Amino acid sequence: MLLDRLKDQKEFTSHEKDVADYILANLDRIPAMSAGELAKASLTSKATVVRFSQKLGLEGYQELKLKLLEETSQQSRLDRILANEPITGSSSCDDIVNTLPVLYDKAVTNTRLALDKNSLNRINRMLQSAECIDIYGTGISYFLAQSAAFKFGTLGVESSAYESINAHYLAARNRKKTVAFVISFTGANRSVIRMAKYLREGTRNYVVGILGPYSEAVRPWCHEVVEIPNRDSLLSLDVITSFSGTTYVLDIFFALLLAGRYEEHARSSLEMLSHVGLLWDESYQRFEQD
């Protein structure tokens, strides 16, 4: 960037450094100044200003002014955005430790406020009669899918996570009642859109989208959509808020399914406890007895 080169001042002559210093100290005045005015203000010459512009790879001083205006406008926009970021370069360990719970709470609260209770009830009715639950995602959302599949599996429901469509598997299992969740933090992931379209058109799956705000292209392929509010961010904090919001939604469905199968799950849990000694290390069992 031009501003970075003006700050670095590598291979600048003493007069060129004078010009660069004046520009950096008076960025708001440069667009209205001529080459002669800049030369006078920086105690150099007009020829120095023109040669300096060309040395920076520009055709002349006019292009330097346009480039500076473009970069300062971008920097101003960046500063406005970063002013709202809860974590900055000056954040301490204590700041971060205290800020993250606020981010989690905000993500869950915003997601809760956006929930459509009628939609949740419709999805819940399908879940209660489901024989299979499939969760689709890519990248970090695939790890969320794996976690959710494990949770649903503890309730005795056949549940799996996928990063792509297994057409042969879906065709062989097409008569089973299946709820398929598709996850996209933005709502605009092309792979997720293609998966949702196949699931809707090529299977009998009940397709539920857990999607970010840019989901216009994928919504037609979902029977229901649960939106995850997600603010624009230049940093990676949108991953934290999207991850937290999506986890919250998946846990709602897990809890709904648990509530609907509570007695069955309680019986299976008691059965599991009767054999839990087979899973624990012997030293842990001795510790428990002590």
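Visitor: Sorry if this is basic, but what is going on with the confidence of the model for the protein here?
Guide: Here the protein averages 87 in pLDDT, while 87% of its residues score no lower than 70. Averaged pLDDT values for the elements of the protein fall to 52 in helix α13 (residues 282-289) and rise to 98 in strand β4 (residues 206-211).

Visitor: Would you take a moment to explain the side chain of E224 for this structure?
Guide: Looking at the secondary structure, you find E224 in strand β5 (residues 224-227). Side chain to side chain, E224 and S119 meet in a polar contact 2.8 Å long.

Visitor: What should I look at first to understand unusual backbone geometry in this one?
Guide: Note on backbone geometry: most residues besides glycine have negative phi, and most peptide bonds are trans. One non-glycine residue with positive phi stands out, namely Q9, at about 55°. Within the secondary structure layout, Q9 lies in the loop between α1 (2-8) and α2 (14-25). Given a relative accessible area of 17%, Q9 falls into the buried group. At E11, a residue that is not glycine, the phi angle is positive and equals roughly 65°. By the element assignment, E11 lies in the loop between α1 and α2.

Visitor: For this particular structure, what's the right way to read the sheet that holds strand β3 (residues 178-184)?
Guide: Hydrogen bonds along the backbone pair up the strands of a sheet, which may run parallel or antiparallel. Reading across the sheet, the five strands line up as β2-β1-β3-β4-β5 and stay open at both edges, with parallel pairing between neighbours. The strands lining the two open edges of the sheet, one partner per strand, are β2 (158-162) and β5. The sheet shows a mean angle of 15° between the axes of neighbouring strands, direction not considered. Bridge analysis of β3 against β4 gives six bridges, and the strand direction is parallel.

Visitor: What's the story with the packing of aromatic side chains in this structure? I'm lost.
Guide: Two descriptors summarise a pair of aromatic rings, namely the distance from one centre to the other and the angle between the planes of the rings. Enumeration according to the criterion identifies seven aromatic pairs in this entry. Ring plane angle 85° and centroid distance 5.1 Å describe the contact between F12 and F52, whose orientation is recorded as edge-to-face. Here the residue F12 occupies a position in the loop between α1 and α2, and F52 occupies one in helix α4 (residues 46-55), the gap between them amounting to 40 residues. F52 shares its class with F12; the two are buried. When the centroid spacing of 6.2 Å and the interplanar angle of 55° are considered together, the rings of Y142 and F143 count as tilted.

Visitor: Whenever I open this one, the packing of α2 against α4 confuses me. Can you help?
Guide: Where α2 contacts α4, the two axes come as close as 10 Å, and the packing angle between them is 85°. As the angle between them shows, α2 and α4 are arranged roughly perpendicular. Contacts between α2 and α4 involve H15, E16, V19, A20 and I23 from the former and T48, V49, F52 and K55 from the latter. Looking at the contact of α2 with α4 residue by residue, the classes come out as five nonpolar, two polar and two charged.

Visitor: It is not clear to me how the pairing of strand β1 (residues 132-136) should be interpreted in this structure. Could you clarify?
Guide: Regular strands place their side chains on alternate faces of the sheet. By the criterion of burial, β1 is predominantly enclosed, with five of the five residues buried. Burial along β1 is two-sided: C132, D134 and Y136 and I133 and I135, pointing in opposite directions, are all buried. Sheet topology note: the β1/β2 ladder contains five bridges and is parallel. Its bridge partner being in β2, I133 is matched across the sheet by S159. Bridge count between β1 and β3: five bridges; the pairing is parallel. Residue pairing in the sheet places C132 in a bridge with T178 of β3.

Visitor: Please explain helix α7 (residues 117-128) as it appears in this structure.
Guide: Structural remark: α-helix, 3.6 residues per turn; residues separated by three or four positions point the same way. Between its terminal C-alpha atoms α7 stretches 16 Å, which fits the 16 Å expected from 12 residues at 1.5 Å a residue. For α7, the set of buried residues is S119, L120, I123, N124 and L127. In a view along the axis of α7, the buried residues occupy a sector of 135°, so they form one face of it. With respect to the buried face of α7, the exposed residues turned more than 90 degrees away are N118 and R125. Capping the start of α7 is the job of one residue whose side-chain oxygen sits 3.0 Å from the backbone nitrogen of N118: D116.

The rules behind these values
- Residues numbered from 1 in each chain as written.
- Predicted model: local features only at pLDDT ≥ 70, side-chain atom pairs only at ≥ 80, totals over all residues.
- Heavy atoms only, no water.
- pLDDT = per-residue confidence, 0-100.
- Helix = DSSP H or I, 4+ residues; strand = E, 2+ residues; numbered from the N terminus.
- Polar contact = N/O pair within 3.5 Å; in protein donor to acceptor, adjacent residues only side chain to side chain.
- Buried < 20%, exposed > 50% of the residue type's maximum accessible area, 1.4 Å probe, protein only.
- Pairing = 2+ DSSP bridges.
- Axes fitted to C-alpha atoms, helices over the stretch in contact; angles between N-to-C directions.
- Phe/Tyr/Trp six-rings, centres within 6.5 Å; stacked < 30°, edge-to-face > 60°.
- Parallel < 35°, antiparallel > 145°, perpendicular 65-115°, else oblique.
- Contact = heavy atoms within 4.5 Å.
- Nonpolar A, V, L, I, M, F, W, Y, C, P; charged D, E, K, R; others polar.
- Expected span 1.5 Å × (residues − 1).
- Arc of directions from axis to C-beta.

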